[in-house]
Amino acid sequence: MTASQSTRKAANSTAPSTAEPREGRTSAPQGRGRGRRVTIADIAERAGVTAAAVSLAVNGRPGVSDATRARIVEIARELNWMPSHAARALAGAPVLTIGMVLARPADVLGSEAFFGGFIAGLQEVLSARDYSLQMKIVENTDAEIETYRRWFGQRRVDGVILLDLRVDDPRVPVLEQLGQPALVVGGPGHHGTLPAVYADDAFVTRLLVEHLAKAGHRRIARLAGAGEYLHTATRDATFAALCAEQGIDPILHEAGFTAYGAATATAELLRTGDAPTAIIYDSDEMALGGARVIAQQGLRIPQDIAIASYEDSAMMRSHRPRITAASRSAVEYGRLAARRMLQIITDRSTEATAQTHGEEHQAADDGLVPTLEVRGSTDPTADDEINARLAGLASS
């Protein structure tokens, strides 16, 4: 060993340690490299109590005095302790997470204004209760079912919200068998014993068809999304029944929930010798795709062909002419679903559980009564006022 090495070694051995806390101050447990997570054992050591006592205190359970609970909670706060979801799951406590699995392409979900509003309302209510939303996109229904099994088996979620209810839905019996909290967004019917919330698609269809019939249309087309979904099947059946009732010649065409599918279907309708005088689209994106094709054909909306949408959005309000649409709050729909989901979880720990099974809550019952926003795409005079205002702004 060289002299300089010996000097450095001696200096290091006599240097004061910086790892010890200063008198009267607390310090979090030290780790190596990345910071070590503070555990219940660390809090117990600092408080001079057992880990079991800490667990009772931080989880708000009886078994410790108020003074001891206050001291433990204060130490936990000083150490920046946060509960482990994995530990809570092992202990049987809620993990404060709601799951949602979607077997739909990401590009389709990303383009749906209604879905974005629904998620916003859902998150608002869940966040206020300190719940998180765990969302996963999968390729197919089998993968979705497997995710439900794994999540519940590993206690990853406290409950799940099922979207896109199908006419014959294989997910419903699986969730019934698992026996865990679950909420179906869709109905009425076809959700087994699971509780559900739904919007009245039959009522919305009536609003649209009766409006167009009153305007004199006697050949109306409906460009639908996918027939496997219950809301699409409900709209199809109601549309056919109402057209028969009103003496209207109906055209029903499945186009898929995309602007491209709607544009292609619209072009096919316009090529026929007996084209419809009005078209109802299943979504706002589909309506925009159809409107572009109509304009490219040199036809005028609504003078040559009227169009309307089942879903309203900023796109419907900003198009020229503005597009008539059924208006219902996607955000409020999400809030309703979140409140029902949290109630189901709460009821699971009480005798009220049996009362929630199989319940349907129509969204309209909670203030989500849809209305029809009549605009220039079906009524030439509906946009006169706003067009006059815009003209005034342009000339000023």
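Residues numbered from 1 in each chain as written. Predicted model: local features only at pLDDT ≥ 70, side-chain atom pairs only at ≥ 80, totals over all residues. Heavy atoms only, no water.

1. Examining unusual backbone geometry
Here is step 1: Cis geometry is found at the peptide bond from glycine 187 to proline 188, where omega equals 0°.
Here is step 2: Inspection of the secondary structure puts proline 188 in the loop between β4 (182-185) and β5 (196-198).
Here is step 3: For aspartate 164, which is not a glycine, the phi torsion comes out positive at approximately 55°.
Here is step 4: Inspection of the secondary structure puts aspartate 164 in the loop between β3 (159-162) and α9 (171-178).
Here is step 5: Judged by its relative accessible area of 17%, aspartate 164 is buried.
Here is step 6: Positive phi, close to 70°, is recorded for histidine 190, a residue that is not glycine.
Here is step 7: By the secondary structure assignment, histidine 190 is in the loop between β4 and β5. (Helix = DSSP H or I, 4+ residues; strand = E, 2+ residues; numbered from the N terminus. Buried < 20%, exposed > 50% of the residue type's maximum accessible area, 1.4 Å probe, protein only.)

2. Observations concerning the packing of aromatic side chains
Here is step 1: Summed over the entire model, instances satisfying the criterion amount to 3 aromatic pairs.
Here is step 2: Ring plane angle 65° and centroid distance 6.2 Å describe the contact between phenylalanine 114 and tyrosine 333, whose orientation is recorded as edge-to-face. Remark: tyrosine 333 occurs in helix α15 (residues 330-348) and phenylalanine 114 occurs in helix α7 (residues 113-128); sequence separation between them is 219 residues. Take phenylalanine 114 and tyrosine 333: they sit in the same class, and that class is buried.
Here is step 3: Between tyrosine 229 and phenylalanine 257, the aromatic rings sit 6.1 Å apart at their centres with planes inclined by 50°, giving tilted as the arrangement. Of this pair, tyrosine 229 sits in the loop between β6 (219-224) and α11 (230-246) while phenylalanine 257 sits in the loop between β7 (249-254) and α12 (259-271), and the two are 28 residues apart along the sequence.
Here is step 4: Classification of tyrosine 229 as buried rests on a relative accessible area of 8%.
Here is step 5: The exposure class of phenylalanine 257 is buried, given its relative accessible area of 17%.
Here is step 6: A connected cluster of aromatic rings, assembled from ring pairs, spans Phe114, Phe118 and Tyr333.
Here is step 7: Directly above the aromatic system of tyrosine 310 lies the positively charged group of arginine 235, at a separation of 4.0 Å from the ring centroid. (Phe/Tyr/Trp six-rings, centres within 6.5 Å; stacked < 30°, edge-to-face > 60°. Lys NZ or Arg CZ within 6 Å of the ring centre and 35° of its normal.)

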